[in-house]
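Take a look at the letters that make up each chain.
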Amino acid sequence: MDEPVHIPLLRRGRPYRSLDTVRTPHYRTGQPFVEISQANVGLIRRDLLDQSMARAIMAGFTSQELFGMCVRAAGLFAESALPLGETVQTPEDYVRQVSATTGLPHVMVRRNMHKIRTVLAEMETVVNGLTRHLDLRVLDAGHSEGLSYFPRGESLGVVLPSNSPGVHSLWAPAFALKTPLVLKPGAAEPWTPYRIIQALIHAGAPPEVFGYYPADHAGAAEILRRCGRGMVFGDVSSTRMWQGDPRIEVHGPGYSKIVIGDDCICEWERYLDVMVASILENSGRSCINASGVWVPSKAAEIAEALAARLASVEPRDEADEQAQIAPFANAALAERISQTIDGELEGAREYGRNPRLVTFQGCSYLLPTIVLCDSPAHPLANREFLFPFASVVTVSQNDIPRALGPSLVVTAITHDRKLIARLLASPDVGRLNLGAIPTHRISWDQPHEGNLFDHLYARRAFQCAV
């Protein structure tokens, strides 16, 4: 058997092979596939003791120069062979390697790869959206025409997940906003952040502004404590300790939803494609996948129609271009999720293939599942899982949006002005789509979740004598 490829740390952009390593297995064979150097708390603390040099280096570039690097990096990321430790990684190597440790089919990896390329290539548009078209000479010079902004911290520390490569598009704009990056990758997805860093360095970015520190939970917490600003991804339990910390932007479950108003519910069949796509895209792994369809009536008909459409989805080989769902690299996790659903089904009706948990090529899959709930109070009415799962919930329109709870994305299919006004006024709706827009469709000229510019910079009062 070939030795697993080794991924080193990046300490100020320089590869460093640690004596402490972990090996991540291939999702299907269970054999070690990649060896990853690990950073201990002491090393992280020492490296992050003084980050002012990296901040000063970034300040030496204009915004336009950084945008140019991002554009060049986009092509390198998607098309070129780039360093991976002591070896090189081609784009096809990248697709195969991400699939091997996450279980994502190749077609989904390539789709996420294109998403990252687009963000890098369109970085000026992305940053204009984040800054609301601020004249970026303000950041270059420190002030302009009565405006001045200052960085809230020396760097951005990011604790990353393993569920899908597309999530890396959320921290990438920090580079264009002149902020050094300290990344802790997910154990099963070390590939994408490393490749983005290499693409940026080979596009002209200074290596010193990048840190890449695979680590345990203690190491991840140290990164978030030591960096002036932080971003953390994970489930409710892993992000709980950072809730309420203004230095840390928390990206947890999305609980994204589709809402159909009284005025459109009789035409629900027109919107079935939007519902299916919102639930199924990227194997249901994203926080912007719909995990609920909330309607005033017709819930049973909608649940039955969704289940019928999703019944054709089945496990396929990782290289099959028609693959729509991904296996669970951790079979025990799939079993726990399935048991959780079974344990909470009382008072609800499940639509979907039986059994839900199946095995294909030795791997565990959860087949798409639709659950009909007659009340928002049901335990499955507002739940999110790492596969195509959605509840169809009957709710009075007068109770929307209060009954929805916090929702990263709400697609509202209605022309009712009062309902739209309540959704617009709700602090619990992160992104509002008015009309038949899939929940997973992203507009890069607007913030996805929170506003990275507001997280990284604060405006100061400023006067200048002429």
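Check the entry above for the structure.
Predicted, not measured: the structure shown is a model, and the values here were computed from it.

Peer 1: What am I meant to see in helix α9 (residues 191-202) here?
Peer 2: One full turn of an α-helix is made of 3.6 residues, so residues set three or four places apart face in the same direction. For α9, spanning twelve residues, the distance from its first C-alpha to its last is 16 Å, which sits close to the expected 16 Å at 1.5 Å a residue. All of the buried residues along α9 are W191, T192, P193, Y194, R195, I196, I197, Q198, A199, L200 and I201. Positive backbone phi, approximately 115°, marks G204, located one or two places after α9.

Peer 1: Explain the pattern of salt bridges here, please?
Peer 2: If charged atoms from side chains of opposite charge come close, those side chains can pair. On inspection of all chains with the given rule, the structure shows 24 salt bridges. One salt bridge connects D47 with R11, and the closest N-O pair in it is separated by 2.7 Å. Highlighted residues: D47 in helix α1 (residues 41-47) and R11 in strand β2 (residues 9-11), separated in sequence by 36 residues. We classify D47 as buried; its relative accessible area is 7%. R225 is paired through a salt bridge with E222; the nearest N and O atoms lie 3.1 Å apart. Placement of both R225 and E222 in helix α10 (residues 217-226) is noted, with a separation of three residues, approximately one turn of the helix. Overall, the relative accessible area of 47% leaves R225 in the partly exposed class.

Peer 1: Please clarify how the pairing of strand β5 (residues 32-37) should be interpreted in this entry.
Peer 2: In the case of a regular strand, side chains alternate between the two sheet surfaces. By the criterion of burial, β5 is predominantly enclosed, with five of the six residues buried. Strand direction decides the pairing type here: strand β1 (residues 5-7) and β5, joined by three bridges, are parallel. Note on β5: the bridge partner recorded for H6 is E35. Judged from the five bridges that link them, strand β4 (residues 21-25) and β5 form a sheet pairing that is antiparallel. Each residue of the ladder has a partner; that of V22, found in β5, is I36. Following β4, the chain reverses through six residues before pairing antiparallel with β5; G30 in that reversal takes a positive phi of roughly 80°.

Peer 1: Looking at this structure, how should I read the packing of aromatic side chains?
Peer 2: Aromatic ring pairs: the centre-centre distance and the angle between the two ring planes describe each pair. Applying the stated criterion to the full structure yields ten aromatic pairs. On the numbers, 6.2 Å between centres and 70° between planes, the contact of F360 with Y365 is edge-to-face. Exposure remark for Y365: the relative accessible area of 2% places this residue in the buried category. Ring geometry for F387 and F389: centres 6.1 Å apart, planes at 50°, overall tilted. A relative accessible area of 2% places F387 in the buried class.

Peer 1: Honestly, the packing of helix α3 (residues 63-79) against helix α5 (residues 106-121) in this entry has me stumped. Any pointers?
Peer 2: Helix-helix packing: each pair is described by the crossing angle between the helix axes and the interaxial distance. One way to put it is that α3 packs onto α5 with a least axis distance of 7 Å and a crossing angle of 165°. In terms of orientation, α3 lies roughly antiparallel with respect to α5. Crossing geometry of α3 relative to α5 is assigned as left-handed. Counting all contacts with α3, which are made through C70, V71, A73, A74, G75, F77, A78 and E79, the residues of α5 involved are M113, I116, R117, L120 and A121. Residues belonging to the contact of α3 with α5 are distributed by class as follows: ten nonpolar, one polar and two charged.

The rules behind these values
Throughout this document, residue positions are counted from 1 along each chain, in the order its sequence is written. Totals for whole chains, interfaces and linings use every residue, but because this is a predicted model, local features are given only for residues with pLDDT of at least 70 and side-chain atom pairs only at 80 or more, for both listing and counting. Remark: hydrogens and water are excluded; side-chain values derive from all non-hydrogen atoms of the structure. Each helix corresponds to a stretch of at least 4 residues labelled H or I by DSSP, and each strand to a stretch of at least 2 residues labelled E; elements are numbered beginning at the N terminus. What a helix should span is 1.5 Å times the count of its residues minus one. A simple rule labels every residue: compare its accessible area, found with a 1.4 Å probe on the protein chains alone, to the largest value its type can have, and call it buried under 20%, exposed over 50%, or partly exposed in between. Here, a salt bridge means any Lys or Arg side-chain nitrogen found within 4 Å of an Asp or Glu carboxyl oxygen. A pair of strands is considered paired only if DSSP assigns at least 2 bridges between the two. What counts as a ring pair is set by centres within 6.5 Å for rings of Phe, Tyr and Trp (its six-membered ring), and what kind of pair is set by the plane angle: stacked under 30 degrees, edge-to-face over 60, tilted for all other angles. Between N-to-C directions, angles cover 0 to 180 degrees, with each direction set by a line fitted to C-alpha atoms, over the stretch in contact for helices. We call two directions roughly parallel when the angle between them is under 35 degrees, roughly antiparallel when it is over 145, roughly perpendicular when it lies between 65 and 115, and oblique otherwise. By the definition used in this description, the sense in which the near helix is turned from the far one sets the handedness, with an anticlockwise turn below a right angle giving left-handed and a clockwise turn giving right-handed. Only heavy atoms matter for contacts: two residues are in contact if any of them lie within 4.5 Å across the pair. Any residue outside Ala, Val, Leu, Ile, Met, Phe, Trp, Tyr, Cys, Pro, Asp, Glu, Lys and Arg is labelled polar, Gly included; the first ten of those are nonpolar and the last four are charged.

Remember that the coordinates give geometry; whether it matters functionally is a separate question.
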